[in-house]
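One-letter residues, chain by chain:
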Amino acid sequence: MSEQLPLVAIVGRPNVGKSALFNRLTRSRGALVEDLPGTTRDRLYGRLEWRGRRFSVVDTGGLGDAADDPFAPLLREGIERALAEAAAAVLVVDGAAPLTSADTEAAALIRRSGLPVLVASNKADRSSASAHASEAHALGLGDPVALSAYHGTGIGELLDAIIDLLPQAPDAEEEAGRAGPIRVAIVGRPNVGKSSLVNAILGEQRVIVSDLPGTTRDSVDTPFSFESRPMVLVDTAGIRRRGRVERGVERHAVQRARRAIDSADVVVLLLDQAEPLTQQDAHIAGYAQERATGLVLAVSKWDLVPEAIDPRDVGVAVDRRYHFVPWAPVLVTSAVTGEGIRDLLELVAHIAEVRGRRVQTSELNMVVHRAVARHAPPGGGAKRLRFLYATQAEVEPPTFVLFVNDASLVHFSYRRYLENRIRDAFDFAGTGMRMLFRTRPNLSRAERAAGARSARPARGRRERVGSEQ
C-alpha cells in the first residue's frame, strides 16, 4: 500500500450493520447496505480522522455458518487477511438480537489473531436492545460500546476507544506535498476476470474470485504503489445491459461501477478473449469516452488463447470494433501467467501523466491554424466557419476551447479532425479530450492580434507540429 496508516478491521456475522458502520465512520456510501445476508463479499478500505489521528478501516464480509454458501471459504480467508493487516479490530454484534454461534466464532477468530479488540453493540436504538444489553459481555472481549450506525449515536465513544487501542502515532506524516494517487477503474462485463486481474496486480488474493457471475458487488478501492507512484485500483461489479440488471443489490452495484468510471483517471476495460467484440463492451467504452477519462482496452485470459494466434491481429480487430476511441491503446493480459501486467501499469502511469499535460497557447494556435489551412472547414452556404483563437482551459481531462465566428457551423467530423490534429501534435494518446467551440464574433483587436501572433512560428525556431493528413 502507498499509505501506512494503522488499520482497523470491522468483523462480524452477516447483517449486523458492519457496512453501515463503515459508511458512518468514513462519511461515505462506499459499502453497499442491504437487508440481505452476504451483501458485502470483498474487503473495502476507507480513511478517517478523529482527534487529530488518521487511520484506515476495512469492512469485511459476514462470517456465517451457512454450509451451502459457495463463498464461505473465500470470505473467511478474506477476513483472516484483513486481521493479519490490522492493528486493531472491532467486532460488530446485533445488540437487538440474541448472540449466535457465528458471533462466538467471530470472537474466537479475533482472539486468535492477538489484536486488541472492541465490541460494538449495534442497533442500540431499537426497542428490543434493552433485553439483550448484557449478552455481548459473554464474548469475553470487554465492555461493549452501544451504538446505532444508522442514527450515528455512540460513534464518538467508539472512535475514542479505537484511538486508545491504536499504536502511538509517528512524529510526522509524510503525505504533505505528494501527488494524489492515480485512480484506476477495472470495468467490464460480468465474469471477464476483473477481480483476477486486480489480484494479479497486487500479488495477493485481495478480492474474491469465482466463476459465478455477480461475485463482486461493491466497488473495491485498493491503494498500492507502482514504481513509487501511488495508485488506487477500483474493482467494480460487472456492468450488464440495462434490461438484464436485477433490482436490489445488483442494481446498486452497477450504479457504483458507473460512479467508479466517473471518478477514475484511467479506465481499464477488460475484454474476454473468447468474446472481445460485444455490444455491451462498446457501450462501456462509450460511457468512458463521454466522461473523457483515460482508457485502455485490455484483452483478458490470454493464457487460454492458442499460440498460433497473433496478438497483433487481435489488436487490429479490437481497433476496428472500437473505432470511436482510436486513441485507446490495446494490449493482451493474463492474470494466470502475468503477461501484460507490467505493460498495463506502465500505460496507466503514462496516460495519467498525459492527462495533466498543458499546451502553450502559441503552439496550440499554430497547430490549429495549420490544420485549418491544410483542410478547410466544409462550406456552410453564405456563411463560412472561421477560427479565431484557441486555448487550453483545463487538464484532467485536457480541455480545449476554440473561439469561432459561429459554433453552429462546426460539423462533428471536423471537430474530430481537429481533435486528431491536436492529439498527434502533442501526444495525447490514451486519454479522452474535450473540444469546446464558442461563438465569438466580436473578438477584440488585442485578442485577434494575439491569435495571429501565436499562429506564426517564432524566428529561428522550427514549427512544432505533428503528423497531418
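Just above, that's the structure.
This section reports on the structure supplied with the text. (Residues numbered from 1 in each chain as written. Predicted model: local features only at pLDDT ≥ 70, side-chain atom pairs only at ≥ 80, totals over all residues. Heavy atoms only, no water.)

**A closer look at helix α3 (residues 101-113)**
Look at α3: 19 Å from first C-alpha to last across 13 residues, which is about the 18 Å you get at 1.5 Å a residue. Within the span of α3, buried status applies to Ala 102, Asp 103, Ala 106, Ala 107, Leu 109 and Ile 110. Seen from one end, α3 has its buried residues packed into an arc of 160°, which puts them on one side. The exposed set on the far side of α3, more than 90 degrees from its buried face, consists of Ser 101 and Arg 112. Structurally, the start of α3 carries an N-cap: the backbone nitrogen of Ala 102 is 3.3 Å from a side-chain oxygen of Thr 100. The first or second residue beyond α3 is Gly 114, which carries a positive phi of 80°. (Helix = DSSP H or I, 4+ residues; strand = E, 2+ residues; numbered from the N terminus. Expected span 1.5 Å × (residues − 1). Buried < 20%, exposed > 50% of the residue type's maximum accessible area, 1.4 Å probe, protein only. Arc of directions from axis to C-beta. Polar contact = N/O pair within 3.5 Å; in protein donor to acceptor, adjacent residues only side chain to side chain.)

**Remarks on the sheet that holds strand β14 (residues 399-404)**
Within a beta sheet, neighbouring strands are joined by backbone hydrogen bonds and run either parallel or antiparallel to one another. One open sheet accounts for three strands, arranged β13-β14-β15; its pairing is mixed. Every interior strand has two partners, whereas the edge strands, β13 (387-394) and β15 (434-439), have only one. The sheet shows a mean angle of 25° between the axes of neighbouring strands, direction not considered. Sheet topology note: the β14/β15 ladder contains six bridges and is parallel. Among the inter-strand pairings, Phe 403 is bridged to a residue of β15, identified as Arg 438. Sheet contacts for helix α11 (residues 412-426): β13, β14 and β15; angle to β15, the most-contacted strand, approximately 125°. (Pairing = 2+ DSSP bridges. Axes fitted to C-alpha atoms, helices over the stretch in contact; angles between N-to-C directions. Contact = heavy atoms within 4.5 Å.)

**Topic: empty space enclosed by the protein**
Applying the stated rule across the entire model yields two cavities of 30 Å³ or more. Considered as a void within the structure, the second largest cavity measures approximately 40 Å³ in volume. Lining the second largest cavity are Val 93, Asp 94, Gly 95, Ala 97, Leu 99, Ser 121, His 132, Glu 135 and Ala 136. Partitioning the lining of the second largest cavity into residue classes produces four nonpolar, three polar and two charged. (1 Å grid on protein atoms, 1.4 Å probe; cavity = no way out; pocket = protein on both sides within 12 Å on 5 of 7 lines; lining within 4 Å. Points joined across faces, edges and corners; volume = space filled by probe spheres on them. Nonpolar A, V, L, I, M, F, W, Y, C, P; charged D, E, K, R; others polar.)

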